[in-house]
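Secondary and tertiary structure notes
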Amino acid sequence: DSGVTQTPKHLITATGQRVTLRCSPRSGDLSVYWYQQSLDQGLQFLIQYYNGEERAKGNILERFSAQQFPDLHSELNLSSLELGDSALYFCASRGQGANEKLFFGSGTQLSVL
Amino acid sequence: AQTVTQSQPEMSVQEAETVTLSCTYDTSESDYYLFWYKQPPSRQMILVIRQEAYKQQNATENRFSVNFQKAAKSFSLKISDSQLGDAAMYFCAYRLSNDMRFGAGTRLTVKP
């Protein structure tokens, strides 16, 4: 168990809809990362937050947004969903040490039908 | 932007043999971190090994070791005495400060 909790584990929705994915980082971790993994693909970096502030941004679509709340949990909002948004969405958290690794949640599998 | 390249989409190894997975990266920085993550069929991401760029000594973790060539920007993973449980996708990753990027992955098959 990595200590990172993602909910829900599975999500099935229709095109055009909006969903929210939730992530609770490990206790004490201030950094949260979001990644998208399409079928048999690598991890595409979406966005990273540190203590409530956006710190790094990857190839995140304008239809997607995220935030980190004062209690450090994070949400990834996906809107106007398209079939191509179907993927496994990972959240990861990292400790404050410079060489700290990322601890990954088990992911949310999103299926857009 | 930093890029991580894994040139081997698939690799295969006989059980108990040794296999090396390749990874190269592009950076102009001198102080960064490199990682290898394993993703088994369960799709959980599991850290295999990490290397700090300022360290010349190659990292080792039991049967896993790396060959870190900083000048060549190369970071290969060697798996010795391969086991059936090593079968997975392996991702190389580069981190500079808050930015962490992954390669496209190498699918490793272990033959009994």
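The rules behind each value
- Residues numbered from 1 in each chain as written.
- Chains lettered and ligands numbered in written order.
- Predicted model: local features only at pLDDT ≥ 70, side-chain atom pairs only at ≥ 80, totals over all residues.
- Heavy atoms only, no water.
- Core = buried A, V, L, I, M, F, W, Y, C linked by side-chain atoms within 4.5 Å.
- Buried < 20%, exposed > 50% of the residue type's maximum accessible area, 1.4 Å probe, protein only.
- Helix = DSSP H or I, 4+ residues; strand = E, 2+ residues; numbered from the N terminus.
- Contact = heavy atoms within 4.5 Å.
- Phe/Tyr/Trp six-rings, centres within 6.5 Å; stacked < 30°, edge-to-face > 60°.
- Lys NZ or Arg CZ within 6 Å of the ring centre and 35° of its normal.
- Buried area = accessible area lost by both parts, 1.4 Å probe.
- Salt bridge = Lys/Arg side-chain N within 4 Å of Asp/Glu carboxyl O.
- Polar contact = N/O pair within 3.5 Å; in protein donor to acceptor, adjacent residues only side chain to side chain.
- Nonpolar A, V, L, I, M, F, W, Y, C, P; charged D, E, K, R; others polar.
- Pairing = 2+ DSSP bridges.
- Axes fitted to C-alpha atoms, helices over the stretch in contact; angles between N-to-C directions.
- Disulfide = S-S within 2.5 Å.

**What to know about the nonpolar core**
All names here are of chain B. Core analysis: the largest hydrophobic core is formed by 26 residues, its most contacted members being Tyr 25, Tyr 32, Trp 36, Phe 75, Leu 77 and Tyr 90. Listing elements by their share of this core, those giving two or more residues are strand 3 (19-21), strand 5 (33-39), strand 6 (46-52), strand 8 (64-69), strand 9 (74-79), strand 10 (88-96) and strand 12 (106-111). Among the elements that take part in this core, strand 10 stands out by supplying five residues, more than any other. In contact with Tyr 32, not counting residues within four places along its chain, are Tyr 25, Thr 27, Gln 51, Glu 52, Ala 53, Phe 68, Lys 70, Tyr 94, Arg 95 and Leu 96.

**Focus on the packing of aromatic side chains**
Under the criterion given, the structure shown has 16 aromatic pairs over all chains. One aromatic cluster is present, built from ring pairs that chain together Tyr33(A), Tyr35(A), Phe45(A), Phe90(A), Phe104(A), Phe35(B), Tyr37(B) and Phe102(B). The residue whose ring lies beneath Arg26(A) is Phe103(A), and the NZ or CZ to ring-centre distance is 3.7 Å.

**Some thoughts on the interface of chain A and chain B**
Taken together, the contacts link 27 residues of chain A with 21 residues of chain B. Between chain A and chain B, roughly 1900 Å² of surface is buried when both sides are summed, and carbon and sulfur atoms account for 48% of that area. At the surface where chain A touches chain B, the tally comes to zero salt bridges. Counting across the interface, chain A meets chain B through six residue pairs in polar contact (both at pLDDT 80 or more). Class assignment of the residues belonging to the side of chain A that touches chain B gives a composition of 10 nonpolar, 11 polar and six charged.

**Here we look at the pairing of strand 12 of chain B**
Residue and element names in this part refer to chain B. Alternating positions in strand 12 separate cleanly, Thr 106, Leu 108 and Val 110 being buried on one face and Arg 107, Thr 109 and Lys 111 remaining unburied on the opposite face. Pairing between strand 2 (residues 10-14) and strand 12: five bridges, direction parallel. When the sheet's bridge partners are listed, Ser 12 is paired in strand 12 with Thr 109. Sheet analysis places strand 10 next to strand 12, joined by three bridges and oriented antiparallel. Residue Tyr 90 lies in a different strand from strand 12, and its bridge partner there is Thr 106.

**A look at the sheet that holds strand 8 (residues 74-78) of chain A**
Residue and element names in this part refer to chain A. Read from one edge of the open sheet, four strands run 1-3-8-7, paired in antiparallel fashion. Where the open sheet ends on each side, the last strands, each with one partner, are strand 1 (5-7) and strand 7 (64-68). Within the sheet, the average angular offset between the axes of one strand and its neighbour, ignoring direction, is 15 degrees. The pairing of strand 1 with strand 3 (residues 19-24) spans three bridges and is classified as antiparallel. Considered in strand 3, the bridge of Thr 7 is made with Arg 22.

**Focus on the environment of Gln57(B)**
Within the element layout of this structure, Gln57(B) appears in the loop between strand 6 and strand 7 (60-61). Remark: the alpha-carbon pair of Gln57(B) and Gln14(B), spanning 43 residues in sequence, is separated by 28 Å.

**Section: the state of the cysteines**
Such a bond, covalent and formed between the sulfur atoms of two cysteines, is termed a disulfide. Applying the stated criterion across every chain, the model contains two disulfides over all chains. Disulfide pairing places Cys23(A) opposite Cys91(A) at an S-S distance of 1.8 Å. Every disulfide takes its handedness from the sign of the S-S torsion; for Cys23(A) and Cys91(A) that torsion is -50 degrees, giving left-handed. A residue pair is termed long-range when its members are at least 10 positions apart, and Cys23(A) in strand 3 and Cys91(A) in strand 9 (residues 87-94) qualify at 68 residues. One exposure class covers both Cys23(A) and Cys91(A), and it is buried. Each sulfur of the disulfide joining Cys23(B) and Cys92(B) lies 2.0 Å from the other. On the S-S bond that ties Cys23(B) to Cys92(B), the torsion sits near -70 degrees, and the link is left-handed. On the criterion of sequence distance, the pair formed by Cys23(B) in the loop between strand 3 and strand 4 (24-26) and Cys92(B) in strand 10 is long-range, its members being 69 residues apart. Here the two residues Cys23(B) and Cys92(B) agree in accessibility, since each one is buried.

So yeah, pure geometry; function would need other evidence.
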